[in-house]
Amino acid sequence: MKPTKKQIVLTSPFLIIALNFTIAFLFGNIIGKWAFIPIILIEWCLFLFFILKYTEKETRKNWLQKNKNSFGWNILALFIGFLPLPLFLMHYETLGIWQVWLPWILLALINPWLEEFYWRGLLLDYTKNWSHWIAIIFTSLVFALNHTVFGVNSELNSGITVIISTLIMGLIWGLVYKKTNSLRWIILAHFLVDFFNLSAASFLDLYEKGNW
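Residues numbered from 1 in each chain as written. Predicted model: local features only at pLDDT ≥ 70, side-chain atom pairs only at ≥ 80, totals over all residues. Heavy atoms only, no water.

Draft legend 1. Looking closely at helix α4 (residues 71–82). In this model α4 runs 17 Å from its N-terminal to its C-terminal C-alpha over 12 residues, within 8% of the 16 Å that 1.5 Å per residue would give. Taken together, the buried positions of α4 are occupied by Asn 74, Ala 77, Leu 78, Ile 80 and Gly 81. The buried residues of α4 occupy an angular sector of 150° when projected down its axis, which confines them to one face. (Helix = DSSP H or I, 4+ residues; strand = E, 2+ residues; numbered from the N terminus. Expected span 1.5 Å × (residues − 1). Buried < 20%, exposed > 50% of the residue type's maximum accessible area, 1.4 Å probe, protein only. Arc of directions from axis to C-beta.)

Quick look at the structure:
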């Protein structure tokens, strides 16, 4: 029997996670810590495919509408975005060469759009007939699990801390989306996280783990 659109969308996170780990191990043996680049590029292509294939243009437009609820939910989303700021202030010097700052800034500018359109927009829309909290927990768990792939080749991105932090982000941003029906401020918050957490520098282990 041919799978439905909903079945394809809801199984897609597991496909992406499995492929990401395959790429991490394969490219990790070839280019070491720089494996984060093919992981992210291929992941972005998959996000884009599922977003464009299984949503309408009007749906994507609605994701960027003004929020329909209290501004306080936007503040909550942004609060998460500023949490990595101390990390940035302590280790911004690791961005001193273009091979580090270029992927860092490109990731901060591109990644929030694709991740939020996929993890929150697409997945939460396809689980809208579920209980709100079951949908939020499901999307947050796969969101957190997907980020553990970066721990395959990076000491800084390994361990339970990464799982807990991304799970909390997923839970809060999922809740904000449910309350506001908008990804506008969540994307901004995600940008702040990717900007302040020095992504490329952390993937390359350019500072010591736990050194905040």
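Draft legend 2. Summary view of the packing of aromatic side chains. Counted under the stated rule, the structure contains 23 aromatic pairs. On the basis of an interplanar angle of 50° and a centroid distance of 6.4 Å, the ring pair of Phe 50 and Tyr 118 is categorised as tilted. In this pair, Phe 50 is assigned in helix α2 (residues 36–54) and Tyr 118 in helix α6 (residues 98–126), connecting sequence segments 68 residues apart. Given the relative accessible area of 5%, Phe 50 is considered buried. For Tyr 118, a relative accessible area of 0% puts it in the buried group. Put simply, the rings of Phe 47, Phe 49, Phe 50, Tyr 54, Tyr 118, Trp 119 and Phe 143 touch in pairs and so form one group of aromatic residues. If you follow Arg 120 out to its NZ or CZ, it ends over the ring of Phe 143, 4.3 Å from the centre. (Phe/Tyr/Trp six-rings, centres within 6.5 Å; stacked < 30°, edge-to-face > 60°. Lys NZ or Arg CZ within 6 Å of the ring centre and 35° of its normal.)

Draft legend 3. Main features of the side chain of Arg 120. Counting through the fold element by element, Arg 120 comes out in helix α6. A polar side-chain atom of Arg 120 sits 2.7 Å from a polar atom in the side chain of Glu 116. Non-local contacts of Arg 120, meaning those with residues more than four positions away in its chain, are made with Glu 115, Asp 125, Phe 143, Gly 170, Trp 173, Gly 174, Tyr 177, Leu 183 and His 190. (Polar contact = N/O pair within 3.5 Å; in protein donor to acceptor, adjacent residues only side chain to side chain. Contact = heavy atoms within 4.5 Å.)

Draft legend 4. Quick peek at the pattern of salt bridges. Under the counting rule described, the total for this entry stands at two salt bridges. When the shortest N-O distance is used, the salt bridge between Asp 205 and Lys 33 registers 2.7 Å. Placement of Asp 205 in the segment after α10 (199–203) and of Lys 33 in the loop between α1 (5–31) and α2 is noted, with a sequence separation of 172 residues between them. With a closest N to O distance of 2.7 Å, Glu 116 and Arg 120 form a salt bridge. You can see Glu 116 and its partner Arg 120 sitting in helix α6, four residues apart, about one turn around the helix. Given the relative accessible area of 0%, Glu 116 is considered buried. Overall, Arg 120 belongs to the buried group, its relative accessible area being 0%. (Salt bridge = Lys/Arg side-chain N within 4 Å of Asp/Glu carboxyl O.)

Draft legend 5. A nonpolar patch on the surface, seen in detail. The grouping of Leu 26, Ile 30, Ile 31, Trp 34, Ile 37 and Leu 41 at the surface amounts to a nonpolar patch, some 540 Å² of accessible area in total. Elements supplying a minimum of two residues to the nonpolar patch: α1 and α2. A total of three residues in the nonpolar patch trace back to one element, the largest contributor, which is α1. Take Ile 37: it is sitting in helix α2. (Patch = residues over 30% accessible without salt bridge, like charges linked within 9 Å, V, L, I, M, F, W, Y side chains within 5 Å. Areas by Shrake-Rupley, 256 points an atom, 1.4 Å probe, with all protein chains shown as cover.)

Draft legend 6. Broad picture of the packing of α1 against α6. Look at α1 against α6: their axes get within 9 Å of each other, and the N-to-C directions meet at 145°. For the element pair α1 and α6, the recorded crossing hand is left-handed. Mapping the contact onto sequence places Lys 5, Lys 6, Val 9, Leu 10, Ser 12, Pro 13 and Ile 16 in α1 and Tyr 118, Trp 119, Leu 122, Leu 123 and Tyr 126 in α6. Class assignment for the residues of the contact of α1 with α6 results in nine nonpolar, one polar and two charged. (Axes fitted to C-alpha atoms, helices over the stretch in contact; angles between N-to-C directions. Left-handed = near helix turned anticlockwise from the far one by under 90°. Nonpolar A, V, L, I, M, F, W, Y, C, P; charged D, E, K, R; others polar.)

Draft legend 7. Layout of the side chain of Asp 194. Structurally, the position occupied by Asp 194 is in helix α9 (residues 184–196). In this structure, Asp 194 is buried with no salt-bridge partner, the nearest side chain bearing the opposite charge being Arg 120 at 9.4 Å. The residues touching Asp 194, leaving out its near neighbours within four places in the chain, are Trp 104, Leu 107, Ala 108, Asn 111, Pro 112 and Ser 199. (Lys, Arg positive; Asp, Glu negative; His and termini not counted.)

Honestly, it's all geometry; don't read function into it.
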